[in-house]
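Coordinates in review
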Amino acid sequence: MSDERPEKPLPELRASDADRDRVVERLRDAVAEGRLDMEEFEERLEAAYKSRTYAELEPLTQDLPAPTGPSSHPAAVAGSAAEPWRGRIGGAGSSSAAVAVMSGFQRKGRWTVPARFDALAFWGGGELDLREADFAQREVVINCVAIMGGIEITVPPGVELDVRGFGVMGAFDQRDNPGPSEPGAPRVVVTGFAFWGGVEIKIKKRKPPLTDDPLRKQL
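Numbering of residues begins from 1 in every chain and follows the order in which that chain's sequence is written. Totals for whole chains, interfaces and linings use all residues, but because this is a predicted model, local features are given only for residues with pLDDT of at least 70 and pairs of side-chain atoms are given and counted only at 80 or more. With hydrogens and water excluded, all non-hydrogen atoms of the structure serve as input to the side-chain values.

1. Things to note about the overall build of the protein chain
Secondary structure elements follow DSSP: runs of H or I of four or more residues count as helices, runs of E of two or more count as strands, with numbering from the N terminus. Counting its secondary structure elements, the protein chain contains four helices and 13 strands. Remark: exposure states derive from per-residue accessible area (1.4 Å probe, protein chains only) relative to the maximum for the residue type, with buried under 20%, exposed over 50%, and partly exposed in between. Taking all 219 residues of the protein chain together, the buried fraction comes to 37%. At a minimum sequence separation of 6, the contacts of the protein chain that also span at least 24 residues come to 68%. Should any heavy atoms of two residues lie within 4.5 Å, those residues are counted as being in contact.

2. Details of the packing of helix H1 (residues 17-32) against helix H3 (residues 54-61)
Throughout, an axis means a line fitted to C-alpha atoms (over the contacting stretch in the case of helices), and angles, computed between N-to-C directions, take values from 0 to 180 degrees. The contact between H1 and H3 brings their axes to 10 Å, and the two run at 10 degrees. It follows from the interaxial angle that H1 and H3 lie roughly parallel. Residues Asp-19, Arg-20, Val-23, Arg-26 and Leu-27 of H1 touch H3, and the partners they reach there are Tyr-54, Leu-57, Leu-60 and Thr-61. Residues are grouped as follows: nonpolar covers Ala, Val, Leu, Ile, Met, Phe, Trp, Tyr, Cys and Pro; charged covers Asp, Glu, Lys and Arg; every other residue, Gly included, is treated as polar. Residue classes in the contact of H1 with H3 are distributed as five nonpolar, one polar and three charged. Angular relationships are summarised with four words: roughly parallel below 35 degrees, roughly antiparallel beyond 145, roughly perpendicular across 65 to 115, and oblique for the angles in between.

3. With respect to H3
Within the span of H3, buried status applies to Tyr-54, Leu-57, Leu-60 and Thr-61. Angular distribution of buried residues about the axis of H3 spans 120 degrees; they occupy a single face of the element. Note: the arc covers the axis-to-C-beta directions of the helix.

4. Thoughts on a nonpolar patch on the surface
Patch criteria: residues need more than 30% relative accessible area and no salt bridge. Like-charged residues are merged within 9 Å; nonpolar side chains of Val, Leu, Ile, Met, Phe, Trp and Tyr are merged within 5 Å. Per-residue accessibility takes into account occlusion by the displayed protein chains alone, with areas from the Shrake-Rupley method and a 1.4 Å probe. Salt bridges are counted wherever a side-chain nitrogen of Lys or Arg sits within 4 Å of a carboxyl oxygen of Asp or Glu. A grouping of Val-99, Val-101, Met-102, Phe-122, Trp-123, Met-148, Phe-166, Val-168, Met-169, Phe-193, Phe-195 and Trp-196 is seen on the molecular surface, where their side chains present a nonpolar patch of about 1,200 Å² in accessible area. For the nonpolar patch, the secondary structure elements donating two or more residues are strand S1 (97-101), strand S10 (166-168) and strand S12 (187-195). Mapped onto the secondary structure, Phe-195 falls in strand S12.

5. Looking at the packing of H1 against helix H2 (residues 38-50)
At their nearest, the axes of H1 and H2 sit 10 Å apart, and the two run at 175 degrees to each other. One element, H1, and the other, H2, form an angle in the roughly antiparallel class. Contacts between H1 and H2 involve Arg-20, Asp-21, Val-23, Val-24, Leu-27, Arg-28 and Val-31 from the first element and Met-38, Phe-41, Arg-44, Leu-45, Ala-48 and Tyr-49 from the second. Among the residues making up the contact of H1 with H2, the classes are represented as nine nonpolar, no polar and four charged.

6. A look at H1
Because each turn of an α-helix spans 3.6 residues, side chains separated by three or four positions in sequence point in the same direction. Helix length check: H1, at 16 residues, gives a terminal C-alpha distance of 23 Å against a target of 22 Å (1.5 Å per residue), a fit within 8%. Residues of H1 that are buried: Asp-19, Arg-20, Asp-21, Arg-22, Val-23, Val-24, Arg-26, Leu-27 and Ala-30. Lining the buried residues of H1 we find H2 and H3. Remark: Gly-34 follows H1 within two positions and exhibits a positive phi of approximately 85 degrees. Here the expected span of a helix is defined as 1.5 Å times the quantity of residues minus one.

7. Points about unusual backbone geometry
Within the chain, Met-102 stands out as a residue other than glycine whose phi angle is a positive 55 degrees. With respect to the secondary-structure elements, Met-102 resides in the loop between S1 and strand S2 (104-107). Judged by its relative accessible area of 58%, Met-102 is exposed. Unlike most non-glycine residues, Met-169 shows phi in positive territory, near 55 degrees. With respect to the helices and strands, Met-169 occurs in the loop between S10 and strand S11 (171-174). Using a relative accessible area of 58% as the deciding quantity, one classes Met-169 as exposed.

8. Some points on the nonpolar core
Of all hydrophobic cores here, the largest spans 30 residues; its most connected members are Leu-128, Leu-130, Cys-144, Ile-153 and Val-188. For this core, the secondary-structure elements that each account for two or more residues are S1, strand S4 (116-122), strand S7 (139-147), strand S8 (150-155), S12 and strand S13 (198-203). A total of four residues in this core trace back to one element, the largest contributor, which is S7. Those residues in contact with Leu-130 that lie beyond four places of it in its chain are Arg-88, Trp-111, Val-113, Phe-135, Ile-142, Ile-153, Thr-154, Val-155, Pro-156 and Val-188. Put simply, buried Ala, Val, Leu, Ile, Met, Phe, Trp, Tyr and Cys residues joined by side-chain atoms within 4.5 Å make one nonpolar core.

If you want it as structure tokens, here you go:
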């Protein structure tokens, strides 16, 4: 009788971003199940993102039972849960900075957010819409400086959001809760400061694609 179990990849082979994301997702499930405490989770999470090979990934989930459903092995084909961000991470940034001095700037639609983006609004305003954007790396940093001006940042739900900015007679305002991050989603870190100005972070759903509406055509 032949052994039909799928062969594991060689330990020395390089792991992909999708492999690391699947391990991270299993670790998150283990926390929710009460199998890992937060300290253990944070240690394994850091190790997962630093891992380069399957040999480094394998021990992180070796003592956890396999979840039900499709295989969660690092070499498994990416599941539908990771599909929303497939192909949207990696590449060169469209631009690395935007400046508004008594004027305005806007980045929206399909553009690529670089690893670091610097935004300055001085007596002006700017808009950064990330809902249709691609991301050069898994983690991007947007550094905002608003002096007697304002900057508005819009991100889609599912993105991991980390707001670290501060205001001096101004404010960094995150109005909405982004909710749980999706598997494979980028991490957006917003830093900087606002002086007599403001930086506002909003979470909005992606705009639905335009479709031909026969009723609209009759109007």
